[in-house]
Amino acid sequence: MEVSLARYQSISFEQIQSTCCFPSSIHKVFKANPLFSGYCFRFSRRKRGNPFDTIKCFSLEQGLQPWRPKPKPSRNTNPELKETKETQIKTPSVGICSQIEKLALCNRYREALELFEILELEGGFDVGSSTYDALVSACIGLGSVRAVKRVFNYMVSNGFEPDQYMSNRVLLMHVKCGMMIDARNIFDEMPEKNLVSWNTIIAGLVDIGGYLEAFRLFLFMWEEFSDCGSRTFATMIRASAGLELISVGKQLHSCAVKTGVGEDIYVFCALIDMYSKCGSIEDAQWVFDDMPEKTTVGWNSIIAGYALHGYSEEALSMFYVMRDSGVKMDHFTFSMIIRICSRLASVEYAKQAHAGLIRYGFGSDIVANTALVDFYSKWGRIEDAKHVFDRMPCKNTISWNAVIAGYGNHGRGAEAVELFEQMLREKMRPNHVTFLAVLSACSYSRLYERGWEFFQSMSRDHKIKPRAMHYACMIELLGQEGLLDEAFALIRAAPFQPTANMWAALLTGSRVNGNLELGKFASEKLYGMEPEKLSNYVVLMNIYNQSGRLKEAAAVLQTLRRKGLRMLPVCSWIEVNKRSHVFLSGDKSHVQTDEIYRKVDSLVHQISKRGYVPEEKTLLPDVDEQEQRVLLYHSEKLAVAFGLLNTMNKSPLQIVQSHRICNDCHNAIKLIALVTRREIVVRDASRFHHFKHGSCSCGDYW
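Quick caveat, the model's predicted, so the values are computed rather than measured.

Conventions used here
- Every residue gets a number counted from 1 within its own chain, in the order that chain's sequence is written.
- Only residues with pLDDT of at least 70 get local features here, since the model is predicted, and only at 80 or more are side-chain atom pairs given and counted; chain-wide, interface and lining totals rely on the full set of residues.
- The basis for every side-chain value is the complete set of heavy atoms in the structure, and neither hydrogens nor water enter the calculation.
- Labels follow the DSSP assignment, with helices taken as runs of H or I lasting at least four residues and strands as runs of E lasting at least two, numbered in each case from the N terminus.
- The rule is simple: take the accessible area with a 1.4 Å probe, protein chains only, and divide by the maximum for that residue type; under 20% is buried, over 50% is exposed, in between is partly exposed.
- Residues count as neighbours in contact if any of their non-hydrogen atoms are within 4.5 Å of one another.
- Each accessible area is a Shrake-Rupley result for a 1.4 Å probe, and residues are judged covered by the shown protein chains and nothing else.
- Only a pair of cysteine sulfur atoms within 2.5 Å counts as a disulfide in this structure description.
- Each pair of aromatic rings taken from Phe, Tyr and Trp, with Trp reduced to its six-membered ring, is defined by centres within 6.5 Å and is described as stacked if the planes are under 30 degrees apart, edge-to-face if over 60, and tilted in the remaining cases.
- Working definition of a nonpolar core: buried Ala, Val, Leu, Ile, Met, Phe, Trp, Tyr and Cys residues. They are joined through side-chain atoms within 4.5 Å.
- Axis definition: a line fitted to C-alpha atoms, over the contacting stretch in the case of helices. Angles run 0 to 180 degrees between N-to-C directions.
- Our angle categories are set so that under 35 degrees counts as roughly parallel, over 145 as roughly antiparallel, 65 to 115 as roughly perpendicular, and the remainder as oblique.
- Handedness of each helix crossing follows the sense of rotation of the near helix against the far helix: counterclockwise by less than a right angle gives left-handed, clockwise gives right-handed.
- Throughout this entry, Asp, Glu, Lys and Arg are counted as charged residues, while Ala, Val, Leu, Ile, Met, Phe, Trp, Tyr, Cys and Pro are counted as nonpolar. The remaining residues, Gly among them, count as polar.
- Within 3.5 Å is the distance limit for a polar contact, defined as a pair of N or O atoms, with the added protein rule that one can donate a hydrogen and the other accept it, and that residues adjacent in sequence qualify only through two side-chain atoms.
- A strand pair is defined by DSSP finding two or more bridges across the two strands.
- UniProt positions are given in the numbering used here, feature names are shortened, and annotations may be inferred rather than shown by experiment.

Right, let's talk about the overall build of the protein chain for a bit. For the protein chain, the count of helices and strands is 36 helices and six strands. Buried residues in the protein chain amount to 50% of all 702 residues. By sequence separation, contacts in the protein chain at least 24 residues apart represent 66% of the contacts at least 6 residues apart. Of the accessible surface of the protein chain, which amounts to about 34200 Å², a share of 51% is contributed by carbon and sulfur atoms.

If you want it as structure tokens, here you go:
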């Protein structure tokens, strides 16, 4: 059937809406985006004997030598010539093709493709559809672009004429391996397209974020196949979620119900995901409750929806209901729960999830284990993180990034650098996140020379352009060395406009090194970029106070009041016996308040003998005036005192701080760690502080 593009261009939305209406918002989106670069589909159907004859791999246009098919003999009825042509096609060994098919069936894809090399080297074999089908499975299983090119070129060079099934399989192979431009060409040249063909190309577009083009094709498809299946609706609901158009998603929901696929499990799960991502968790819960059979994917979707909107406790409760219902949990379930535990700062819940991960047979899963490495690193259990990492049978770049960043954040820069070098020795390819992790590690541990070495190697050895965050790390590193002029020069030399993070790093360096003029300059830059961010003003006020410029400090304070900017109260919490205890500065609501305050007084008395003197009034970015009035009873000191009272001797304390720790508490906790012989770990808004033997891992720079 000949399909005319003009026919589709003249379709009105009123015609489509006569069957199942779609909102005008999609029409407006299409009008606002008339051209879709990179995806220009042609719908003229030209009849050909072989749909692959005119297709060439797009990557060949990127500099590779193009494949040139052997010239085909002209049609001739001469029996002698016909006999000569037939002798050119060799019948392959049945054993080779059979072995390829068996290997692919057993998921031994790499071996199947290695055996395929025999056919490639000899050439000219008449390979059957079943063998090509097995090779397609091998390419999809490995996700290998090179294998796709090899198999597809062999098909074309041997004149393979695919039926509808094999045409769809070849299309799927290109889509699954991310070769969407080649997939587009194959789709355009297909003499016949069925529902599978349309669904494959549309799903590929949705997977790569081409939501608008997916809707365009869906409307073309809808005109030809008005009885779209459940998979089509599930795919388009995902597209509406990607566009965050809940009105379109609701219309698709209505259409799915009208066409009788509203009860399909794939549609249910897609709807839960769509409503969650579009901000309607109530509708997502309603769809979930209406599911006749709640599957693992359905549970995962609703749990992810609650987590997405910050309802971490509700998400955790849903997980326990899922577990008690007997539904099988997969590695995605545990990965989500581990991330939720990270938000809740609950090490005990994370340990339970870790145990469940192993108990349910996902102990070697790369995604879940990477989430565990990240969690343990973020919550002060770096040794546990390294233990999980070492036991992973397979590691990817994300796994390496997580463990390198973990060591760096804990002030163990030398070990982070060693891990980075081990990563390179194992032939893993670093990305920009890897370099951000290792540069941050160098910054936190004051590894000046190594930091510069890695920064310069990014573009020189790894062809990775440094981004603003990489520059911010180097500016902080220079600030730690007191090289503020060099830090300012690096900002001016950046090949892009300096970002707020870069100026903030310079401002921190100016505060620590007491450079008033440069600090004032950096603050003014930040005011223009982040006029409502309180910490920028407070850092400058601290600089003025430290320099004795009280009038200027008062002027900054007046600016804060005029803008109505005010910090939330500082909060610290500690987990003891599987329960979190939260403290505010000067807090007297805890049941052990009297004991806690007596313990603080006792600790202050002990550390005073070691040289501790409470600091005079100073404001750090996260400390307001009310905090200063209760200097001796800041939330950090109360949490430390509570931990010392309720834990065994010599056990480490893990405290989480909502804001950046102040100078006075930093100095006090260093000495408390010394006199009590305890290791105290404080995770503040800036970094980890490991207090041990009277010193801190940050080197007093934060």
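For the structure on display, the rule yields zero disulfides. Free of any disulfide, C662 has its nearest cysteine sulfur in C665, 3.6 Å distant.

Another point: the packing of aromatic side chains. Tallying each qualifying case throughout the model produces 25 aromatic pairs. Aromatic pair Y132 and Y154: ring centres 6.5 Å apart, planes at 55°, arrangement tilted. Separated by 22 residues along the polypeptide, Y132 in helix α7 (residues 129-142) and Y154 in helix α8 (residues 145-157) bring together distant segments of the chain. Across this residue pair, the class does not change: Y132 and Y154 are buried.

This part covers the nonpolar core. One recurring pattern in soluble globular proteins is that nonpolar side chains are buried together. One finds F218, F233, I302, I303 and I404 to be the most contacted residues of the largest nonpolar core, which totals 173 residues. Setting aside chain neighbours within four positions, we find I404 in contact with A416, L419, F420, M423, T434, A437 and V438. Counting residues in hydrophobic clusters, the runner-up holds 31 residues, among them I596, V600, L653 and I680.

Here we come to the packing of helix α23 (residues 397-409) against helix α24 (residues 413-425). Two numbers describe how α23 lies on α24: the axes approach to 7 Å, and their chain directions differ by 160°. In terms of orientation, α23 and α24 fall into the roughly antiparallel class. For the pair α23 and α24, the crossing hand works out as left-handed. The residues of α24 that touch α23, namely those facing T397, W400, N401, V403, I404, Y407 and G408, are G413, E415, A416, L419, F420, Q422 and M423. Residues belonging to the contact of α23 with α24 are distributed by class as follows: eight nonpolar, five polar and one charged.

With respect to the helices, strands and loops of the structure, H590 is situated in the loop between β2 (579-584) and α33 (593-608). Of the polar contacts made by the side chain of H590, one reaches the backbone nitrogen of Q592; its length is 3.0 Å. Those residues in contact with H590, other than ones at most four positions away along the chain, are H581, F583, I596 and F642.

Attention shifts here to the sheet that holds strand β1 (residues 571-576). Strand order in this open sheet of six strands is β2-β1-β3-β4-β5-β6, and the pairing throughout is mixed. If you trace the sheet from one side to the other, it starts and ends with β2 and β6 (695-696), each paired once. Here strand β3 (residues 653-657) pairs with strand β4 (residues 680-683) via four bridges, running parallel. Residue pairing across strands places L653 opposite I680, the latter belonging to β4. Strands β4, β5 (688-692) and β6 of the sheet are contacted by helix α36 (residues 663-676), whose axis makes an angle of about 40° with β5.

It is worth spelling out the UniProt feature "repeat: PPR" (unreviewed entry) in the protein chain at this point. Under the UniProt annotation, "repeat: PPR" (unreviewed entry) lies at residues 128-162, 264-294, 295-329, 396-430 and 533-567. Helix makes up 77% of residues 128-162 and strand 0%, and the two end C-alpha atoms of the span are 10 Å apart. Its end C-alpha atoms 9 Å apart, residues 295-329 is made of 77% helix and 0% strand.

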